[in-house]
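The chain contents come next:
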Amino acid sequence: MGIISWIVLGLLAGAVAKILLPGRDPGGLVGTTLIGIAGAFVGGWLSTRLLDRPISTDFYDGATWVAAIGGSLVLLIAYRLLFGHSRR
């Protein structure tokens, strides 16, 4: 997968993470989108390092999607803990 594919995957993973973890975010839509993109990269990296799983070149690989969504959830939770509460 190229860099554009990872960005698209990150956008979609960020949207799924936002649906799974609703609430107000301190950064709004732009912040959540950037967290989704970064989460896809972090999830892919953690998947290769900790789970010893090679990065798939197929966009529709389920494990890649799970890693990207998981990375997005982790970053979204950390972002909320560091920069504000989701419910006020």
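Residues numbered from 1 in each chain as written. Predicted model: local features only at pLDDT ≥ 70, side-chain atom pairs only at ≥ 80, totals over all residues. Heavy atoms only, no water.

(A) Spatial organisation of the overall build of the protein. A count of helical and extended segments in the protein gives 3 helices and 0 strands. Ordered by position in the sequence, the α and β elements of the protein form the string α-α-α. Taking all 88 residues of the protein together, the buried fraction comes to 33%. Of the contacts made within the protein by residues no fewer than 6 positions apart, 80% connect residues no fewer than 24 positions apart. Approximately 5500 Å² of the protein is accessible, and the part contributed by carbon and sulfur atoms is 71%. (Helix = DSSP H or I, 4+ residues; strand = E, 2+ residues; numbered from the N terminus. Buried < 20%, exposed > 50% of the residue type's maximum accessible area, 1.4 Å probe, protein only. Contact = heavy atoms within 4.5 Å. Areas by Shrake-Rupley, 256 points an atom, 1.4 Å probe, with all protein chains shown as cover.)

(B) Structural detail: the side chain of Ser72. Along the polypeptide, Ser72 turns up in helix α3 (residues 62-83). The residues contacting Ser72, other than those within four sequence positions of it, are Ala13, Gly14, Ala17, Ile35, Gly36, Gly39 and Ala40.

(C) Local environment of the nonpolar core. Formed by Trp6, Leu9, Ala13, Ala40, Trp65, Ala68 and Ile69, the largest nonpolar core amounts to 7 residues. Put simply, the parts of the chain that give this core at least two residues each are α1 (3-20) and α3. Every residue in contact with Ala40, bar those within four places of it in the chain, is listed here: Trp6, Gly10, Ala68 and Ser72. (Core = buried A, V, L, I, M, F, W, Y, C linked by side-chain atoms within 4.5 Å.)

(D) Structural context of a nonpolar patch on the surface. Together, Ile3, Ile4, Ile7, Val8, Leu11, Leu12 and Phe41 give the surface a local cluster of nonpolar side chains, amounting to about 590 Å² of exposed area. Per element, the largest residue contribution to the nonpolar patch is 6 residues, and it comes from α1. Position of Phe41 among the secondary structure elements: in helix α2 (residues 28-50). Given a relative accessible area of 35%, Phe41 falls into the partly exposed group. (Patch = residues over 30% accessible without salt bridge, like charges linked within 9 Å, V, L, I, M, F, W, Y side chains within 5 Å. Salt bridge = Lys/Arg side-chain N within 4 Å of Asp/Glu carboxyl O.)

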